[in-house]
Amino acid sequence: MKYDFTTVPDRSDCGSSKWNGVKNASVENVPLSVADMEFVTAPPIAKAVKRLADTTILGYTKPTDEYYDAVCGWMKRRHDFEVKREWIINTPGVVDALAVLVDACTKPGDSVIILTPVYYPFDMAVLAKGRGIIYSTLININGHYEIDFEDLRKKAAMPRAKALLFCNPHNPVGRVWTKDELAKVADICCDNGVFIIDDEIHHDIIMPGYEHTVMANTGKRVLDNIAVCTAPSKTFNIAGLQGSNIIIPNAKIRAKAVACSMMNMQLSLNIVAYTACIAAYNECEEWLDALLKVIASNAEYVKGFMAENFPEIKISPLEGTYLMWLDMRGLGMTHIELKKMLEGADLYLDNGEVFGEAGRGFQRINLACARVTLEKAMARFKKAVDGVRADWAENGQPYHKKLDIGVKPEGFDYDSTVARNRRLRAPQANPTLIVFTRYYECPICRAILAVLTAAYPMLKLRGYDVKVVMQSDLSTLLKAAKKYPFELIADPDKILYDRYEVFEAGNFVQMLAGDRLYEKFVGRNVKKLLDTDMVDSIATAFNGADEQEEDGPRELQLSAFVAVDKNLTVTYSHYCKTVADFPGVKDLLEILK
């Protein structure tokens, strides 16, 4: 092969975000998570950057005619999209552009539609600007994802819906939307005054047999209602140079976006970003064509490996991007067990839950690596799964079941402020309301306890017992017990939480997105959160991680409210979607009549 796609670069000492973010990363255990490639830089780009350093003063730099010609030529040649140079603005990255455009085309109090599961910075871009989020869930048909157009139409018609964050091709599910699908989305948005923020950062990575369409090409009227966000970063593995080409035909929105960028003190790109972009678009087309064959071959390898060894794993067809979406729920593990198994085998993919609740039990694997890297990863994967199954054969498979209506909780063993070594058994003297909350020191936990204390006299009159499960130790709860008229259950090891699938949010943003109390508290100023005890969580979330000590309380923990009758059959079930998505006093009394 003319280009080098077989070398495994050692990135352990170069500050790589991907490698530094995991344990034991090495050329033997290459992380296959963050969407940058494990390939050496395309030679023309490397030569151009070296030449720049040797011949040019590295001062403040603006786009040149050569840059505009390169971008416009690439979009016409590869995507049949005629771009006028005045339509182009620059941002350090597409994620930066998403936040700028949310700011430019919406106002405080407006909301942005997001199709989920999706790349998690979409949520962050909206949250950072203090806007609301309206989710529309993609339809998963045996691994093939489709847009729920009926739901999207309803959401777009909401008065507060002013923008759509759209991913084309879609990350993480790998869809390359057809021209007809894109036209439907464009029509829905144009009909309802919803501006389209179109993330096309992966639009060059299209697999054989599929064709990418720039949404702006689906009709004349959409040109005035769209921003097409592009960059050479994913295509040519130059994300670290931080340069994006944002195409906005609408002059008013473009002017607003430029103003918002300036208000964020984003004045221009670094000089190397322009140079690398020119070299990529003018000299690396042959390299890209070779890359696409490698990605397609790697996709076939993983697909074949799973079909042979783990046919219960469903793989979404890879139409575009170099990121494969794997539905691993068939392995019989919760997403927590799955993550623990993978990390124990030094396998670092992207956990599906960070892309939204619909991603729990899924994994996203980065295929932009040498075949030998994939082979080693798949060998470790098989060994890890075989090890888990051997353990199950010897010790039994862990029980875990969501407490939906009609389910009976098995093995509800606990220590509480009433007694130790207790078990919830049938028949009971009374129906019971079981509440899973956070840990006692948490303000949200205290708020739930206050709600339950206020509702308790009426619940007692209706014959209900109340039990509250917390991630605090028993000594802490015994000190607090006299304040509350109900039983407090200590579960510091999160055994009951995992057993009944009372999980955490996938990331900090998911804890807050769409939360009624959050939106009321923050209003127009998201920076109010900086004066709360959530500031550390915000910092880690916007750095792309939500790591915490495994033996401490789960900071992203969501709550659950479950009622069981005397025979322990669940009669009411509410698993909270956000941190304050819990029923109030009136709600509880209305529900538990």
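The structure under discussion appears in the preceding block.
Residues numbered from 1 in each chain as written. Predicted model: local features only at pLDDT ≥ 70, side-chain atom pairs only at ≥ 80, totals over all residues. Heavy atoms only, no water.

Draft legend 1. Seen up close, the overall build of the protein chain. In terms of regular secondary structure, the protein chain is built from 20 helices and 20 strands. Principal-axis analysis of the C-alpha atoms places the extent of the protein chain at approximately 80 × 55 × 45 Å. In the protein chain, which comprises 593 residues, the proportion classed as buried is 56%. Pairs at least 24 apart in sequence give 73% of the contacts found in the protein chain among residues at least 6 apart. A total accessible area of about 25800 Å² is found for the protein chain, and carbon and sulfur atoms account for 51% of it. Between the mean site of the 71 positive side-chain charges and the mean site of the 78 negative ones, the protein chain shows a separation of 5 Å. (Helix = DSSP H or I, 4+ residues; strand = E, 2+ residues; numbered from the N terminus. Buried < 20%, exposed > 50% of the residue type's maximum accessible area, 1.4 Å probe, protein only. Contact = heavy atoms within 4.5 Å. Areas by Shrake-Rupley, 256 points an atom, 1.4 Å probe, with all protein chains shown as cover. Lys, Arg positive; Asp, Glu negative; His and termini not counted. Charge placed at Lys NZ, Arg CZ, Asp CG, Glu CD.)

Draft legend 2. Broad picture of the nonpolar core. Of all hydrophobic cores here, the largest spans 156 residues; its most connected members are Phe-236 and Phe-381. Sorting elements by how many residues they give to this core places helix H11 (residues 285-309) first, with 12 residues. Filtering out sequence-adjacent residues up to four positions away, Phe-236 remains in contact with Met-37, Ile-45, Trp-74, Ala-280, Tyr-281, Cys-284, Trp-287 and Leu-288. (Core = buried A, V, L, I, M, F, W, Y, C linked by side-chain atoms within 4.5 Å.)

Draft legend 3. Quick look at the packing of helix H3 (residues 65-79) against helix H10 (residues 271-283). The contact between H3 and H10 brings their axes to 9 Å, and the two run at 40 degrees. Note that H3 runs across H10; the crossing there is left-handed. Across the interface between the two elements, Glu-66, Tyr-67, Ala-70, Val-71, Trp-74 and Arg-77 from H3 touch Tyr-274, Cys-277, Ile-278, Ala-280, Tyr-281 and Asn-282 from H10. Of the residues contributing to the contact of H3 with H10, the split by class is 9 nonpolar, 1 polar and 2 charged. (Axes fitted to C-alpha atoms, helices over the stretch in contact; angles between N-to-C directions. Left-handed = near helix turned anticlockwise from the far one by under 90°. Nonpolar A, V, L, I, M, F, W, Y, C, P; charged D, E, K, R; others polar.)

Draft legend 4. Structural view of the packing of helix H2 (residues 43-55) against H10. Where H2 contacts H10, the axes come no closer than 9 Å and their chain directions differ by 145 degrees. In this structure, the crossing between H2 and H10 has a hand that is right-handed. Where H2 approaches H10, its residues Pro-44, Ile-45, Ala-48, Val-49 and Leu-52 are matched on the opposing element by Ile-271, Val-272, Thr-275, Ala-276, Ala-279, Ala-280 and Glu-283. When its residues are assigned to classes, the contact of H2 with H10 shows 10 nonpolar, 1 polar and 1 charged.

Draft legend 5. The arrangement of a nonpolar patch on the surface in detail. Judged by side-chain polarity, Val-258, Met-262, Met-265 and Leu-267 come together as a nonpolar surface patch covering roughly 420 Å² of accessible area. Relative to the elements of secondary structure, Met-262 occurs in helix H9 (residues 251-263). For Met-262, a relative accessible area of 48% translates into the label partly exposed. (Patch = residues over 30% accessible without salt bridge, like charges linked within 9 Å, V, L, I, M, F, W, Y side chains within 5 Å. Salt bridge = Lys/Arg side-chain N within 4 Å of Asp/Glu carboxyl O.)

Draft legend 6. Representation of the pairing of strand E20 (residues 570-575) within the structure. The pairing of strand E19 (residues 560-564) with E20 spans 5 bridges and is antiparallel. If you follow Val-562 over to E20, its bridge partner there is Ser-573. (Pairing = 2+ DSSP bridges.)

Draft legend 7. Looking closely at the environment of Asp-10. Here Asp-10 lies in the segment before helix H1 (17-20). You can call Asp-10 exposed: its relative accessible area is 53%. A distance of 2.6 Å separates polar atoms of two side chains, one belonging to Asp-10 and the other to Ser-12. (Polar contact = N/O pair within 3.5 Å; in protein donor to acceptor, adjacent residues only side chain to side chain.)

Draft legend 8. Representation of the sheet that holds strand E17 (residues 465-470) within the structure. With mixed pairing, the 7 strands of this open sheet are ordered in space as E15-E14-E18-E17-E16-E19-E20. Across the chains shown, the open sheet's two edge strands, defined by having one partner strand only, are strand E15 (422-423) and E20. The pairing of strand E16 (residues 432-436) with E19 spans 5 bridges and is classified as antiparallel. Residue Thr-432 lies in a different strand from E19, and its bridge partner there is Val-564. Strand contacts of helix H14 (residues 443-461): E16, E17, strand E18 (487-490) and E19, with the helix running at about 170 degrees to E17, the strand carrying the most contacts.

Draft legend 9. Representation of the side chain of Thr-373 within the structure. With respect to the element layout, Thr-373 can be found in helix H13 (residues 371-395). On the accessibility criterion, Thr-373 (6% relative accessible area) is buried.

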